[in-house]
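Observations on the model geometry
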Amino acid sequence: MPFSISAGVGFIALFGVSVLNGIVLIAEFNRLRHEEGLTDMIEIIRKGAEVRLRPVIMTALVASFGFIPMAVSNSAGAEVQKPLATVVIGGLLTATLLTLIVLPILYSLMEKKSLAREVKAADKQPKKKTPSVATIILLVLAASTTGWSQMAPMQALTLDQALQQATTRNAQIQLSGLNVSQQQALRRTAYDAGRLSVVGMLGQYNSRRFDNNLTVTQTIPNPTLIRRLADLNDQTVSARQLEGLVTRNDVQYQVKSTYYDLVYLQQKTRLYRQQDTILTEFVKAANLRYRVGETGSLEKATAESQLADQRVRLAQNESNQTATRTRLQTLLYRTEPVSIPEQELPKLTLLIPTDSTALSQNPLLRQLQQQIRVAQESRSVEQARLKPDFLVGLFSQTLTGSQLIDGQELYFGPGYRFYGGQIGVTFPLLSGAGRARVEAARVGEQLAQTQLQSQKLALQQQIAQAVTQYGQYRDALAYYEQNGLAQAQLIQTKARQAFSGGILAMSSFRWPFSRRSRSA
């Protein structure tokens, strides 16, 4: 087959693939030498060829199989495709054999002396002593102890301190304050009189002589629009202030809820640790009874399983405690960790509102009521925009030339100016767009009223559900305080005594212990 342009292109592609295959194989040889520290050339070649055999063969097979249809084609243009396919297929088969056989031989011959020099140089260097595991542990403990000794002790926060910090440092509350300041700064925009228009005219507007004219005009909005805009800005400021009150109330609720969750998790952790201590004693007793032959392996396995399950619950509770502490730290906008004092979970009393007055003082409802006022003022502003504005202006101009005044012809040069003024009104030629904005503002007012009614109904339902749930929790708490906790403690004490005396088996002991754990 004669040499052609297609065959030349095939040779170029073949050279690139062959070189890449060689680089892949040589890179693996060098990695085994320098990273894994192999010094045996035969072992280096064997492992490197074993690792890179699949990539090299796959590269050749994929390209060869892809060019087979071109090599066997007899259709129009086959005389152009066949040289390219023949060169690539034949060349890849030959190059693959050379890469896997000849290239390792050449690498061994050329790098043998270099490998021997590296081995001699490594033998001359003093060996570094590897630190023992015990030394590493001691160093880590020493560093940790030093770090903790230098760290300032965390101050435990009470609930009042947490609420105070959240009020002054929380990002959401700060953003609400900035929104109020921004809206207060916008109050003065209601008295914007618009821009003063100054127009100069030069040319031959009176005669063939060159004259000039200077006109100053000012549009004055109608007083009703200015008053309505001022009222709208005032109502918007009040709405932003109530929005900040809602944000502050929500942040305080989140802080209280997170704080009490953290107290609850701390108490739960203390209870789990007590149960872990008790179960550890039971595991020791079960192992002793198993060794002396009083019980079988079932009781021992049951005790160990119960202890493992208890420690899993303890770990999960500590993880939840860490997540809750992080959430409290985020609410307080603090970079340092948050800690609270060890305390009993307080017994809170729900103040149930007896009339609708308390509900009307809800910050969210007050905000929605203020939104209605803002919508009403917005509608008034759009109605005021339909009224005409006023236009006043002054002009000064030259009228160069002669004029007949009282029967006498007088000449007025460029230095003599004529003055005048103008007054008028401006109003929209087509009021359809303005009336559409008024209608949209009226719909917005209805939307705000609907939102208020919907939120009021939702709050009433939430209060009813909260009161019902509070009654259930109060009755359950009264039962546990009066009877449940004392009975659980008595059952646990008797069960421990019976198990220690060999009267009660571990399988029978699990029920009272797990029941007390669930009730806590």
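Residues numbered from 1 in each chain as written. Predicted model: local features only at pLDDT ≥ 70, side-chain atom pairs only at ≥ 80, totals over all residues. Heavy atoms only, no water.

Time to look at the confidence of the model for the chain. Per-chain confidence: the chain averages 80 in pLDDT, with 85% of residues scoring 70 or above. Low pLDDT (under 50) marks residues 140-152, which in the prediction has zero contacts with non-local residues, meaning those over four places away or in another chain. (pLDDT = per-residue confidence, 0-100. Contact = heavy atoms within 4.5 Å.)

Across five bridges, the pairing between strand β4 (residues 401-405) and strand β5 (residues 408-412) is antiparallel. Across the sheet, Gly 401 pairs through a bridge with Phe 412, a residue of β5. Hairpin connection, β4 to β5: the antiparallel pair is bridged by two residues, and Asp 406 has positive phi, about 55°. (Pairing = 2+ DSSP bridges. Helix = DSSP H or I, 4+ residues; strand = E, 2+ residues; numbered from the N terminus.)

What follows concerns the sheet that holds strand β3 (residues 389-398). The four strands are arranged β1-β2-β3-β6 in an open sheet whose pairing can be described as antiparallel. For this open sheet the edge positions go to β1 (196-203) and β6 (417-426), each flanked by a neighbour on one side alone. Taking the axes of each pair of neighbouring strands and ignoring which way they run, one obtains an average angle of 15° across the sheet. In this sheet, β3 lies alongside strand β2 (residues 211-220) in antiparallel orientation, the contact comprising eight bridges. Looking at β3, one finds that Ile 220 is bridged to Phe 390. (Axes fitted to C-alpha atoms, helices over the stretch in contact; angles between N-to-C directions.)

Time to look at the pattern of salt bridges. Enumeration according to the criterion identifies 16 salt bridges in this entry. Residue Asp 261 is joined to Arg 327 by a salt bridge in which the shortest nitrogen-to-oxygen separation is 3.9 Å. Residue Asp 261 is found in helix α7 (residues 223-291), and its partner Arg 327 is found in helix α8 (residues 297-331); the two are separated by 66 residues along the sequence. For Arg 334, the salt bridge goes to Glu 336, with nearest N and O atoms at 3.2 Å. (Salt bridge = Lys/Arg side-chain N within 4 Å of Asp/Glu carboxyl O.)

Here the focus is a nonpolar patch on the surface. Together, Leu 97, Leu 98, Ile 101, Val 102, Ile 105, Leu 106, Leu 109 and Met 110 give the surface a local cluster of nonpolar side chains, amounting to about 820 Å² of exposed area. Within the secondary structure, Ile 105 is located in helix α3 (residues 78-124). On the accessibility criterion, Ile 105 (49% relative accessible area) is partly exposed. (Patch = residues over 30% accessible without salt bridge, like charges linked within 9 Å, V, L, I, M, F, W, Y side chains within 5 Å. Areas by Shrake-Rupley, 256 points an atom, 1.4 Å probe, with all protein chains shown as cover. Buried < 20%, exposed > 50% of the residue type's maximum accessible area, 1.4 Å probe, protein only.)

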